[in-house]
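Each chain, written out:
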Amino acid sequence: MEKEKLKIAFYWAASCGGCEIAVLDINEKILDVVAAADIVFWPVALDFKYKDVEAMPDKSIDACFFNGAIRTEENEHIAKLLRRKSKILVAFGSCACDGCVVGLANLWDRETVFERAYSETPSTNNPEGTTPKTLLEVKEGKLKLPEFYDTVKTLSQTVDVDYFISGCPPPIPCIIQTFQAILTNNLPPKGSSFLPNKSICDECPREKKDKQLSEIKRIYEIDDDFKTCLLDQGVICMGPATRAGCGAQCPNVNMPCTGCNGPGPRVTDQGAAALSAIASIATNPEVINQVVDPIGTFYKYSLANSILRRKVMKK
Amino acid sequence: MDQVQVGVFLSDGGNQLTKILDYNAITEFVKKVAGVVFVARGSEFWRGQGLQTMVDAIREGKVNRVVVAETLPKLSEVKIANAIEDAGLNHYLMEFIDLKDHCASPHQKTPSEATEKAKAMLLGAIERAKLLEPLEKLEFPALKSSLVVGGGIAGMQTAIDLADFGFEVSLIEKEPFLGGLAAQAGRFFPTDDCAICIQSPSSDIKTITHTSRKCVYRSGFTEIPNLNILTNSRVVAVEGVPGNYKVTVEKTPRYVDEDKCVQCDLCTAVCPVEVPDEHNARLRTRKAIYINVPHVHPPTYVIDGSVCKFHDCAKCVDICPTKAVDLDQRSEKVTMSVGSIIVATGFKEFNSSAIKEYHYGEYPDVVTNLELARMIDGFGPTGGVVVRPSNMKPAKKIVMIQCVGSRDQRYKPYCSSICCMISIKHATLIKSAYPNSDITICYIDIRTTGREHEYYYEKAREMGIKFVKGRPTEILRDPEKGKLIVDVEDALLSRFLELEADLVVLAPAMIPADGAKKLAEIIGIETEEDGFFKEYNAKLRPTETKLKGVYIAGGATFPKDAPTTSLHAHSAAMKAVKFLHTGKIVKDQRTAVINEDYCGDCEFCPVTCPYGAITLEQKDGEHFVAKVSDLLCEGCGICVGTCPQNAIELRHCRTDQMQAQMKALMSINGTSKPLVLAICCSECGHAAVDSSGMAKMEYPANVRVMKVPCVGILQVHQFLDAFKAGAQGVMVVGCKIDGCHYEVGSQKTEKKVELTKILLKEYGVEPERLEMLNMVFIEGDKFAEAAQMMTERLEKLGSLQTFGGS
């Protein structure tokens, strides 16, 4: 008897959609995936409804790849639903794993985000000051929108997650490895990541020198020799504090790593790890004052999953 | 491992603490903590019956972790550690707290709050103790041998001491002859005795009578069987580890066989090459084949390869009666394994020609102190007569100028410390020999700090040597008479003087010997900004370097007179002996360990380790991982505080142990005030907390102390964790920035704290909730004051409730 095909699902919550494209970036390998598995839910590509998922028996999806952070009530609802319906839930991409750029909204709260988005931005024309409401009564009845939360959460802060594959988007070889592991049922211990344990520096071809940081420079301020470690040239590179897997794509094309793969496996706070390392090689106190945007620089992808998680809002 | 069974031993110091702390409540509390199987209370646990109780509990297998709360700290900790080790429990399985100086004394006015703090301290110690692991002793082989670099008085004296102790010693000198600067100096102040006089070896050297001191050439030291002297030699490479260094020495050819040369001097008579003799201040010439003075070691001629015509001439080969000359000698590399290296490379004169207004190098009658010393020396170029080099006639009017290049912001800002005495020595020697000579010394300050030095100075004044306080502005030359004029303002008389002179003698600054910087790089030790070798600690370890097994003797660290150099040499020898005499190096495994699986080869830790203990090792032929040398690691944890992958742990202070203790300390408040976590280094930081308690200085009980080896181990996340664990404020207490016991720990963590403050501000948390303090033991008052101020500040700021929350 032919082996029954696996059932897999993809979902996007608060994300940019890049992770959806990354699934297709595995090119012809996608054929292996569809040969071995049926896609039972994929809102970006296939016409399934939430009710279709609700109708599925619990644990009937073999693996669900969930990208995006938890920003709204809807995100949370579907995360919980898919958790219930799936045997394996994979946090797919930086948003689901660490909150990513979406998580930087944790520097504000709902009120200030709305203020900015629906009133302050130069492109906004909203004289009535309309903002999204969870509940609106109109003459036709009650209109309900999912609640917009104060704080962005990661998937694992919301539901129990089996595996992680971070990155913005996840590195292609790691996506292939993830699919293969699931299709062949060759799975690592629960809670594992499909990215390597090492850091970006391990994959970076640039030559490391003496690491004496005497001045922080922007990438346009250096005369890059395309060979020397960017940190050795004074540019803040998140490589040392970022999990490997991408083959150091950015340093390879002469841009510093910004940390999208998230922290190493033993690190709880990527930004703090980077700050400790940078402070340790700073040769003078002025270097410290040259750090102008610590959260945007060191917590760009991991604020929602850091020790602080969000800004303390003074009411 | 067996199940963790914690024994808690609560000392009330003979009831002295029960007036403040409620021991019944504390005992009841401790008994209920998970993992605690044995609780004893007594008046003391570091000796007598109390200690026996602890030993019995260990021997009977009741406990395998020990938490001790003593009232007599520090020494009792050592005694207890020894006792539990004897009882069969590794002493790293003990956690020690001080309920007196860290709790009862500073909080005596708030007994109930102090009791709650005591509970938190005990809980912290228990939670940490549960996670402790035993650490073994490590042994490394060590060779009882030394290489001494530099054959001046420091090097010779060190070599003699080490050889006397039975070490295999190699003494290498870059010049063809031993003696260094001292051999040129002729005499030493303030005794005016010969510079070549050294302490004789105590080894059994036949036919040499032993007195306390001897001329170098008849001291017998060159005959010590376990002393190997290599001249014309330089260190070119150093590999290996303390106790077993592999040193490569390059030996420049001498072209004369030491075993055959009989010093007959026939060769110099036929040698056609004549060059200025640098050993004799270029006041006379020497041949390409030469010997400095008859009484040098080795007593063998040498050919100056840079000027010799070799086989185009070869007259010396033909005339040599013993066939000692070998023009085909090649430079050779000698490798040796030694347990230790002693750097005794000394110092030299600053090149005074840089100071244009003194015209040194331009006016032949302007000379330096060392050049004058050669003239005064009977073996010197003038046979002891002080002359004007321009016409070789005796110099009667002599002006000496002090601080040439030293104490001068343009050149060397430091005082070279010995030049005043050298000039006074020269002046008195000349005046004694030629009472009619007219000698003036122009000085900024006369520095006579050594014993007898002031009397020496007084004697010079009584002899009629003139002293003018002022730094000459220029030396002029009268073209007709050929005399020199020294322009100087006498600052004491406010008078402008034009001093006429036959000879002007400069006292140049003393600077590191040639090649000091390169040697430091080869060995892997540091030099100071002034170029001299950096000692480990000027007060406590003046002859040690940061690298174990490498020592510095004499003027290599800074210009020194002969007595100080001698003292230094004995000290360096003693340190080397202490390090190697058992033939092994024994140390605890209080070291860092790197988890290779997580090391990302970012190469931060090798840079931040102050001891060069971390190197990179290739794995799988491609990837590199960092590796810690257990021998070199000092256990500070600065690498841990650096690693962005958290791949490094300190065996004796793991992250989970710190976390557990931190959470426990913050889990009980018991006061009405906001909790403060003070993370102290175990050196000055913790000592400052001790001293505040010892002096019964008060600060509020909401301040909780956690000890780490060095604040360098801390990472930014630990500060954030502390806030998350409930701290409303965090104090980081380390050694002074320049006084860190691990060199750079305070400095690095100060930057981490500053960055964290910037970060906290972005997060909407008041940065003043985090504070770094740098203290020494005697600044307990500062700790108490800072703790009080932090508490008051936090009370004003209000509670930090939403930290890390959703």
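What counts as what
Residues numbered from 1 in each chain as written. Chains lettered and ligands numbered in written order. Predicted model: local features only at pLDDT ≥ 70, side-chain atom pairs only at ≥ 80, totals over all residues. Heavy atoms only, no water. Helix = DSSP H or I, 4+ residues; strand = E, 2+ residues; numbered from the N terminus. Rg over C-alpha atoms; globule rule 2.2 N^0.38 Å. Buried < 20%, exposed > 50% of the residue type's maximum accessible area, 1.4 Å probe, protein only. Contact = heavy atoms within 4.5 Å. Areas by Shrake-Rupley, 256 points an atom, 1.4 Å probe, with all protein chains shown as cover. Lys, Arg positive; Asp, Glu negative; His and termini not counted. Charge placed at Lys NZ, Arg CZ, Asp CG, Glu CD. Pairing = 2+ DSSP bridges. Axes fitted to C-alpha atoms, helices over the stretch in contact; angles between N-to-C directions. Arc of directions from axis to C-beta. Right-handed = clockwise from strand over helix to strand, strands pointing away. 1 Å grid on protein atoms, 1.4 Å probe; cavity = no way out; pocket = protein on both sides within 12 Å on 5 of 7 lines; lining within 4 Å. Points joined across faces, edges and corners; volume = space filled by probe spheres on them. Nonpolar A, V, L, I, M, F, W, Y, C, P; charged D, E, K, R; others polar. Disulfide = S-S within 2.5 Å. Buried area = accessible area lost by both parts, 1.4 Å probe. Salt bridge = Lys/Arg side-chain N within 4 Å of Asp/Glu carboxyl O. Polar contact = N/O pair within 3.5 Å; in protein donor to acceptor, adjacent residues only side chain to side chain. Core = buried A, V, L, I, M, F, W, Y, C linked by side-chain atoms within 4.5 Å. Domains from an automatic or database assignment.

A. Quick peek at the overall build of chain A. When its secondary structure is counted, chain A shows 13 helices and nine strands. A compact globule built from 315 residues would reach a C-alpha radius of gyration of about 20 Å, and chain A, at 21 Å, matches this within 12%. Counting only C-alpha atoms, chain A reaches 65 × 60 × 30 Å along its principal axes. By residue count, 53% of the 315 residues in chain A fall in the buried class. For chain A, long-range pairs separated by at least 24 residues make up 73% of all intrachain contacts whose partners lie at least 6 apart in sequence. A total accessible area of about 14,700 Å² is found for chain A, and carbon and sulfur atoms account for 54% of it. Across chain A, the mean location of the 37 positive side-chain charges is 4 Å away from that of the 40 negative side-chain charges.

B. Quick look at the sheet that holds strand β33 (residues 550-552) of chain B. Residues and elements named next belong to chain B. Reading across from one edge, β12-β7-β6-β20-β33 is the order of the five strands in this open sheet, with parallel pairing throughout. One side of each edge strand has no neighbouring strand; the edge strands of this open sheet are β12 (227-230) and β33. Taking the axes of each pair of neighbouring strands and ignoring which way they run, one obtains an average angle of 15° across the sheet. Across three bridges, the pairing between strand β20 (residues 340-343) and β33 is parallel. Bridging from a neighbouring strand, Ile 341 pairs with Val 550 of β33.

C. Up close: helix α13 (residues 516-523) of chain B. Residues and elements named next belong to chain B. The complete set of buried residues in α13 reads Ala 516, Leu 519, Ala 520 and Ile 523. Each buried residue of α13 sits inside an arc of 105° when the element is viewed along its axis, so together they form one side. In α13, the exposed positions that point more than 90 degrees away from the buried face belong to Lys 518 and Glu 521. Summarising the contacts, the buried residues of α13 are in contact with β6 (145-149), β13 (233-241), β20, β32 (510-512) and β33. Phi for Gly 524, located one or two positions after α13, is positive at around 95°.

D. Just the pairing of strand β2 (residues 36-42) of chain B, in detail. Residue and element names in this part refer to chain B. The pairing of strand β1 (residues 6-11) with β2 spans six bridges and is parallel. Residue Leu 10 lies in a different strand from β2, and its bridge partner there is Arg 41. The β-α-β motif built from β1, the intervening helix α1 (residues 23-31) and the parallel element β2 has right-handed crossover chirality.

E. Looking closely at the layout of surface pockets. Residues and elements named next belong to chain B. As a volume, the second largest pocket reaches approximately 1,500 Å³. Lining the second largest pocket are 48 residues, and of these Glu 526, Lys 534, Lys 546, Pro 610 and Glu 743 sit closest to its centre. Broken down by class, the residue content of the lining of the second largest pocket amounts to 21 nonpolar, 13 polar and 14 charged.

F. Expanded view of the state of the cysteines. Residues and elements named next belong to chain A. Applying the stated criterion across every chain, the model contains zero disulfides over all chains. For Cys 250, which is in no disulfide, the shortest distance to another cysteine sulfur is to Cys 257 and amounts to 6.4 Å. Distance from the sulfur of Cys 260, which forms no disulfide, to the nearest cysteine sulfur (Cys 168) is 5.6 Å. By relative accessible area, Cys 260 is classed as buried at 19%.

G. Summary view of the interface of chain A and chain B. On the chain B side, the residues contacting the 49 residues of chain A number 45 residues. Of all residues in chain A, Arg 266, Ile 307 and Leu 308 of chain A give up the largest surface area on contact with chain B, accounting jointly for 18% of the area buried on that side. Counting across the chain A and chain B interface gives two salt bridges. On the surface where chain A and chain B come into contact, there are 14 residue pairs in polar contact (both at pLDDT 80 or more). Going through the elements one at a time, β8 (148-153), α9 (200-203), α11 (270-281), α12 (285-289) and α13 (294-298) of chain A are the ones with two or more residues in the side of chain A that touches chain B. For the side of chain A that touches chain B, the element with the most residues is α11 of chain A, which contributes nine residues. A per-class count over the side of chain A that touches chain B returns 25 nonpolar, 11 polar and 13 charged.

H. Molecular detail of the nonpolar core. Tyr 299 of chain A together with Leu 21, Leu 99, Leu 122, Val 247 and Ile 341 of chain B are the most contacted members of the largest nonpolar core, which has 175 residues in total. At nine residues, helix α5 (residues 111-130) of chain B tops the list of elements feeding residues into this core. Among residues more than four places away in sequence, those in contact with Leu 21 of chain B are Ile 26, Leu 99, Cys 103, Ala 104, Ala 114, Thr 115 and Ala 118 of chain B.

I. Inspection of the domain arrangement of chain A at higher detail. Residue and element names in this part refer to chain A. Taken domain by domain, chain A comprises domain 1 (6-101 + 150-183) and domain 2 (200-305). Distance from the C-alpha centre of domain 1 to the C-alpha centre of domain 2: 29 Å. Opposite the 14 residues of domain 1 that make contact, domain 2 presents 12 residues. Carbon and sulfur atoms supply 52% of the area buried between domain 1 and domain 2, which totals about 900 Å² over both sides. The tally of links between domain 1 and domain 2 comes to zero salt bridges. Where domain 1 packs against domain 2, one counts seven residue pairs in polar contact (both at pLDDT 80 or more). Elements represented by at least two residues in the side of domain 1 that touches domain 2 include exactly α5 (94-98) and α6 (100-103). Looking at the side of domain 1 that touches domain 2, the element that brings in the most residues is α5, giving three residues. A class-by-class count of the residues in the side of domain 1 that touches domain 2 yields seven nonpolar, six polar and one charged.

J. Structural context of the pattern of salt bridges. With the rule as written, the count across this model stands at 56 salt bridges over all chains. In this structure, Asp 502 of chain B and Lys 483 of chain B form a salt bridge, with 2.6 Å as the shortest nitrogen-oxygen distance. Separated by 19 residues along the polypeptide, Asp 502 of chain B in the loop between β30 (495-501) and β31 (503-508) and Lys 483 of chain B in the loop between β28 (474-477) and β29 (484-490) bring together distant segments of the chain. Judged by relative accessible area, which is 6%, Asp 502 of chain B ranks as buried. With a shortest N-O distance of 3.5 Å, Lys 534 of chain B and Glu 526 of chain B are connected by a salt bridge. On the basis of relative accessible area, Lys 534 of chain B is assigned to the partly exposed category, the value being 27%. Of the residues examined, Glu 526 of chain B reaches a relative accessible area of 34% and is grouped as partly exposed. If you follow the salt bridges from partner to partner, you end up with Arg 83, Asp 160, Asp 162 and Lys 190 of chain A in one network.

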